[in-house]
Amino acid sequence: MTIGPEKILFQNVHKDFQSTGKVLRDLNFTAESGDFIVLLGRSGAGKSTLLRLLAGLEHPTSGLLKINLNSSNDRGYVFQEPHLMPWRTLAENVGLPLELMGVAKKEILARAETALKQVQLPDAGHLKPSELSGGMKMRASLARALVAEPSLLLLDEPFAALDEQTRFKLSEDLRELWFKKRMTVVFVTHSVQEACFLGNRILILSERPSVIKHDVKINLPEVRKMDLRTDASFNNELKKIYDLLDSTQKAGSV
C-alpha cells in the first residue's frame, strides 16, 4: 500500500517490548497535513510510545506506519525536559540541528534568531540556559524543534512541569504558531484542559495494551485566545472529553 494525501497513516500497528509486554495494539488512524492532534490516556497507556514511533525512535512490532516527510530532518521533537546544553548560548542550542545537518554557520545564526523570534525570545540568543526561567527554557526547546522548519512537530508533555499561568500562555503561543505555519502537530498531555484548548482532534487511548478508543473532533474556533477558557463552548468540549475518558476507564476496569 502507498500512502495517499495523508501526512500520517497507522494501519493495524502493534508495539511490544520484551521488558513490559504489549503496549499498543491494532492502531488505525490517519492524520492530514496541518492536523493538530492531542493524545490523551492514563499513565502507561502508551502515548509517549506512539509519539516515539512517529519520531522514528521506535519501530512497530507489526503493522504499517507511513509518514509523508520531505526529508529525514522534516520532523521536530520537543521532550518533557528542555535538554539544553549548559555551556552553549541559547542561539547555539537552537541552531544545533542545523549544525548537525552541515548548514553554514552564518545561516545557522540567522535561522536560530528567526526561530527565537517565533517563540517570543527575540533578544535572548546570547543567554546561557542557567539564566533562563523554566518557561523560557521550554520556548528555547520549541525553537530548536522549529529551526529546521519541520512539517511534523511532536511534543511530549512539554509544559507539564510549568506553573499554570506559564502553561496557559505557552499553549496560546503554540496554537498561534500552528495557525500561522500549519505544520502537522501531535501533542501528548495528561491535561484535558490543555488538550481541548490546543487540539483540533483528540485521540483517547484505552488501558494497555492500548487501542484508540475515541477519535474526537474539537468544535472550537481556529483562533484561540485565553478568554476562550471561560466560554461555555469550551466547557462543553471539556465535558465531552471528561465523559469519554470516564467511560473508557470504566470499560478498562471491567
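One numbering rule holds for all chains: residues counted from 1, following each sequence as written. It should be noted that, the model being predicted, local features are given only for residues of pLDDT at least 70 and side-chain atom pairs only at 80 or more, the latter also being counted only at that level, while totals for whole chains, interfaces and linings use all residues. For the side-chain quantities, the full set of heavy atoms in the structure was used; hydrogens and water were omitted.

Asks: Mind showing me how you'd approach the sheet that holds strand E3 (residues 36–40) here?
Replies: Sheets are built from strands paired through backbone hydrogen bonds, the pairs being either parallel or antiparallel. Only strands joined by at least two bridges in the DSSP assignment are considered to pair. Helix and strand labels come from DSSP, where a helix needs a run of H or I of at least four residues and a strand needs a run of E of at least two; each type is numbered from the N terminus. Within the open sheet, the 6 strands sit side by side as E5-E6-E7-E3-E8-E9. Their pairing is mixed. In this open sheet, the two edge strands, each paired with only one partner strand, are strand E5 (75–78) and strand E9 (212–217). Sheet twist, expressed as the average angle between the axes of neighbouring strands with direction ignored, equals 15 degrees. Relative to strand E6 (residues 152–156), E5 runs parallel, the two sharing 4 bridges. Directly across from Arg75, in E6, lies its bridge partner Leu152. In this analysis, two residues are considered to be in contact whenever any of their non-hydrogen atoms come within 4.5 Å of each other. Between N-to-C directions, angles span 0 to 180 degrees; the directions come from axes that are lines fitted to C-alpha atoms, helices contributing only their stretch in contact. On the sheet, helix H5 (residues 134–146) packs against E5 and E6 and is oriented at approximately 165 degrees with respect to E5. Strand contacts of helix H6 (residues 164–181): E3, E6 and strand E7 (184–188), with the helix running at about 140 degrees to E3, the strand carrying the most contacts.

Asks: Looking at this model, I keep getting lost on the environment of Ala145. Mind explaining?
Replies: In this fold, Ala145 is placed in helix H5. Residue exposure (1.4 Å probe, protein chains only): buried if accessible area is under 20% of the type maximum, exposed if over 50%, otherwise partly exposed. The class of Ala145 is buried, set by a relative accessible area of 9%. C-alpha separation for the pair Ala145 and Glu131, spaced 14 residues apart in sequence, amounts to 21 Å. Once residues within four sequence positions are removed from consideration, Ala145 is found in contact with Gly76, Tyr77, Val78, Pro150 and Leu153.

Asks: Is there a simple way to explain the packing of H5 against H6 in this structure?
Replies: Between H5 and H6, the least distance of the axes is 11 Å, while the angle of their chain directions is 20 degrees. When the axes of H5 and H6 are compared, the pair comes out roughly parallel. Once H5 is placed against H6, the crossing between them reads as right-handed. Every residue of H6 that contacts H5 at Gly135, Met138, Arg139, Leu142 and Leu146 is listed here: Thr166, Lys169, Leu170, Asp173, Leu174 and Leu177. Gly falls in the polar group here, along with every residue not listed as nonpolar (Ala, Val, Leu, Ile, Met, Phe, Trp, Tyr, Cys, Pro) or charged (Asp, Glu, Lys, Arg). Among the residues forming the contact of H5 with H6, the class breakdown is 6 nonpolar, 2 polar and 3 charged. Our angle categories are set so that under 35 degrees counts as roughly parallel, over 145 as roughly antiparallel, 65 to 115 as roughly perpendicular, and the remainder as oblique. With the far helix as reference, a near helix turned anticlockwise by less than a right angle produces a left-handed crossing, and one turned clockwise produces a right-handed crossing.

Asks: Teacher, can you tell me more about the confidence of the model for the chain here?
Replies: Reading predicted coordinates in detail is not appropriate for stretches of low pLDDT. pLDDT measures the predictor's confidence residue by residue and takes values from 0 up to 100. Summing up the model confidence of the chain, the mean pLDDT is 91 and the portion of residues at 70 or higher is 96%. Predicted confidence in the chain is weakest over helix H8 (residues 232–253), with a mean pLDDT of 87, and strongest over E3, with 97.

Asks: Just checking my understanding: could you explain helix H4 (residues 105–118) for this structure?
Replies: Side chains three or four residues apart in an α-helix point the same way, a direct result of the helix having 3.6 residues per turn. Compared with the 20 Å implied by 1.5 Å per residue over 14 residues, the 20 Å span of H4 between its first and last C-alpha is a close match. Among the residues of H4, those classed as buried are Ile108, Ala112, Ala115 and Leu116. Relative to the axis of H4, the buried residues are bounded by an arc of 100 degrees and lie together on one face. Set apart from the buried face of H4 by more than 90 degrees, the exposed residues are Lys106 and Lys117. Lining the buried residues of H4 we find helix H2 (90–94), helix H3 (96–100) and H5. Positive backbone phi, at 65 degrees, marks Gln120, one or two positions downstream of H4. For a helix, the expected span equals 1.5 Å multiplied by the number of residues minus one. Here the arc refers to the directions that run from the helix axis out to each C-beta atom.

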